[in-house]
Amino acid sequence: MPAFVTDPALWAVVLFVVPLVLKVPIGVSLGFASITVAFLWNLGIDMVSYNFFASIVKYPLLAVPFFILAGTIMDRAGIAGKIISFIKEVVGDFTGGLAIAAIGVAVFWGAVSGSTAATVAAIGVILIPGMVEAGYDKPFATAAVSVASGLSIIIPPSITFILYAVITGVSVGAIFAAGFIPSFVIAAFLMISAYITSRKRGYRGEKRKNGFKGIIMAAKDAFWALMTPVIILGGIYGGVFTPTEAAAIACFYGLFVGVVVYRSINFKTLFDILVESLNASATVMFICTTAGLYSWIGSTVGLIEKASRLLLGISPNQYVVLMMIYLILFIGGMLLDGVSILYVFMPILMPLIKQFNWDPVWFGVMVTIMVAIGTVTPPVAMNLYVGCRISDLTIEELTPPVLPLLFVTILALVVLTVFPSITLFLPRYLGLI
């Protein structure tokens, strides 16, 4: 029998991919492959429970359920609506104003929720109907919101950044700081694309009712909402609390705003919030445990080493290897969610980071951008599915207006790749790296 047929590294891949193709949930596929390989090749089946447990017993991961809860609270508290009203007043009847506002709101809401699908749901239900009513094409309006919502995991606080920091050991504060400028660069590219499309089609925003006074009134009404990222991020970089503590503080601040200020949260709403957050947190944590187990199996059977050697064997040029990595992550984004991408691919890619002396903080931001791109690339395109549910469209109808926005996002990624100092400027300035 050929040696490769009995290679546990090969079967680790086969036993993961086949169930995945058969639409078995990603967490179950990872766990099945890991346990089967560990059992058949006598890798120590008793180590499975230990690795399963060890994958989530990490202090930074405490922030994940808290940020999920905070994002759900902010959504139910009506904070998104206040922010949207303010930004709509700011852009007025500027050409493409509502599309640009949608992108701006996505950036702002990303600093609140840290979840792409949650951002589409929170701002899409308000902005998409508003854009259609103002004369925007429904597929374009939905595409603008869906693609821009990918920025939610690039601007801090980001659950994806936290998971990357847990896997690679980089500072959470450093990668949070590194995400700021790239998120605004990508937002600027998206805004330019939205403006060009809007100018061609004659899309405009809504005329201000009260001029500059209306902006002041909207800012006053949205004050508590606008203070959310200021408190969270200001506290982190002001040294008042850690990112994990910030997640808990965000929950209490959201409750204060929802219960006391806007009075939009009652006991029934709070129960629904807790159930929704519990379900989302359990899903993420289960994937973390099984993906962590798969990473251990991959390391033990030599899968990580073989995959890294394969990539290094393609070309000694770091940019060629980097483009190959982006291509792999792009394809991976079509099939896997962001959490799984990090746990499956990062152990393979970490030796390459050392080989080419790439800054791990910069690389983490690039990987996260690719994860964000994956949220709008079918078949696993969560943002598009949420957008379709809101707009009652099909993926086929939504894809054409998504493509130009996807193209400029990749163009922004190229700029950030060629000039890594753009990403690293802020963490270096703050002395975090």
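Here, every reference points to the structure presented above.
All values derive from a computational prediction rather than experimental measurement. (Residues numbered from 1 in each chain as written. Predicted model: local features only at pLDDT ≥ 70, side-chain atom pairs only at ≥ 80, totals over all residues. Heavy atoms only, no water.)

A. Spatial organisation of the side chain of Thr-36. Note on placement: Thr-36 falls in helix α2 (residues 26–40). A distance of 2.7 Å separates a polar side-chain atom of Thr-36 from the backbone oxygen of Phe-32. (Helix = DSSP H or I, 4+ residues; strand = E, 2+ residues; numbered from the N terminus. Polar contact = N/O pair within 3.5 Å; in protein donor to acceptor, adjacent residues only side chain to side chain.)

B. Broad picture of the packing of helix α8 (residues 138–148) against helix α20 (residues 395–418). Their axes nearest at 8 Å, the elements α8 and α20 cross at an angle of 45°. In terms of orientation, α8 and α20 fall into the oblique class. Pair α8 / α20 crosses with right-handed handedness. Facing α8, whose interface residues are Pro-139, Phe-140, Thr-142, Ala-143, Ala-144 and Val-147, α20 presents Glu-397, Leu-398, Pro-401, Val-402, Leu-405 and Thr-409. Taken together, the residues of the contact of α8 with α20 break down into nine nonpolar, two polar and one charged. (Axes fitted to C-alpha atoms, helices over the stretch in contact; angles between N-to-C directions. Parallel < 35°, antiparallel > 145°, perpendicular 65-115°, else oblique. Left-handed = near helix turned anticlockwise from the far one by under 90°. Contact = heavy atoms within 4.5 Å. Nonpolar A, V, L, I, M, F, W, Y, C, P; charged D, E, K, R; others polar.)

C. A look at helix α17 (residues 338–355). Over its 18 residues, α17 runs 25 Å from end to end, which matches the ideal 26 Å to within 8%, given 1.5 Å per residue. Maximum bend of α17: about 50°, positioned at Met-346, with proline Pro-347 one to four residues after it. Burial runs high along α17: 14 of the 18 residues are buried. Following α17 by one or two positions, Asn-357 has its phi on the positive side, about 60°. (Expected span 1.5 Å × (residues − 1). Bend = angle between axes of the 7 residues up to and from the residue. Buried < 20%, exposed > 50% of the residue type's maximum accessible area, 1.4 Å probe, protein only.)

D. How the structure looks around the pattern of salt bridges. Per the counting criterion, the structure on display carries three salt bridges. Across the salt bridge formed by Arg-76 and Glu-276, the nearest N and O atoms sit 2.8 Å from each other. Of this pair, Arg-76 sits in helix α4 (residues 63–76) while Glu-276 sits in helix α14 (residues 267–300), and the two are 200 residues apart along the sequence. Since its relative accessible area comes to 30%, Arg-76 is described here as partly exposed. Between Lys-82 and Asp-221 there is a salt bridge, with the nearest N and O atoms lying 3.3 Å from each other. Pair noted here: Lys-82 is in helix α5 (residues 79–91) and Asp-221 is in helix α11 (residues 211–221), with a separation of 139 residues, a long-range link. Note on Lys-82: relative accessible area 23%, which makes it partly exposed. Relative accessible area serves as the criterion here: at 41%, Asp-221 is assigned to the partly exposed category. (Salt bridge = Lys/Arg side-chain N within 4 Å of Asp/Glu carboxyl O.)

E. Molecular detail of α20. In this model α20 runs 33 Å from its N-terminal to its C-terminal C-alpha over 24 residues, within 8% of the 34 Å that 1.5 Å per residue would give. Of all the bends in α20, the greatest, near 40°, is centred on Pro-401. All buried positions along α20 are accounted for by Ile-395, Leu-398, Pro-401, Val-402, Leu-405, Leu-406, Val-408, Thr-409, Ala-412, Leu-413, Leu-416 and Thr-417.

F. Broad picture of the packing of helix α10 (residues 172–201) against helix α12 (residues 223–237). Taken N-terminus to C-terminus, the directions of α10 and α12 make an angle of 125°; their axes are 11 Å apart at the nearest point. Classed by the angle they form, the pair α10 and α12 counts as oblique. Crossing hand, α10 versus α12: left-handed. Counting all contacts with α10, which are made through Gly-173, Phe-176, Ala-177 and Phe-180, the residues of α12 involved are Leu-233, Ile-236 and Tyr-237. The residue inventory of the contact of α10 with α12, partitioned by class, reads six nonpolar, one polar and no charged.

G. Focus on the nonpolar core. Membership of the largest hydrophobic core comes to 150 residues, with the highest contact counts inside it found for Ile-123, Trp-358 and Phe-363. Trp-358 has contacts with Gln-318, Val-321, Leu-322, Ile-325, Leu-352, Ile-353 and Phe-363, leaving out every residue within four places of it along the chain. (Core = buried A, V, L, I, M, F, W, Y, C linked by side-chain atoms within 4.5 Å.)

H. Examining the environment of Val-261 more closely. By the element assignment, Val-261 lies in helix α13 (residues 243–261). Residues Val-261 and Trp-224, 37 residues apart in the sequence, show an inter-C-alpha distance of 8.1 Å. Discounting chain neighbours no more than four positions away, the residues touching Val-261 are Trp-224 and Phe-256.

I. Summary view of the packing of aromatic side chains. One pass over the full model with this rule turns up twelve aromatic pairs. Judged by centre distance (6.4 Å) and plane angle (55°), the ring pair of Trp-362 and Phe-363 falls under tilted. Relative accessible area serves as the criterion here: at 4%, Trp-362 is assigned to the buried category. Lys-82 extends its terminal NZ or CZ atom over the ring of Tyr-262, reaching a point 5.0 Å from the ring centre. (Phe/Tyr/Trp six-rings, centres within 6.5 Å; stacked < 30°, edge-to-face > 60°. Lys NZ or Arg CZ within 6 Å of the ring centre and 35° of its normal.)

J. Molecular detail of unusual backbone geometry. Residues other than glycine seldom take positive phi values, yet Arg-263 does so here, at roughly 50°. Tracing the backbone through its elements, the reader meets Arg-263 in the loop between α13 and α14. Overall, the relative accessible area of 69% leaves Arg-263 in the exposed class. For Asp-392, which is not glycine, the phi torsion reads 60° and is therefore positive. Tracing the backbone through its elements, the reader meets Asp-392 in the loop between α19 (382–391) and α20. By relative accessible area, which is 70% here, Asp-392 ends up exposed.

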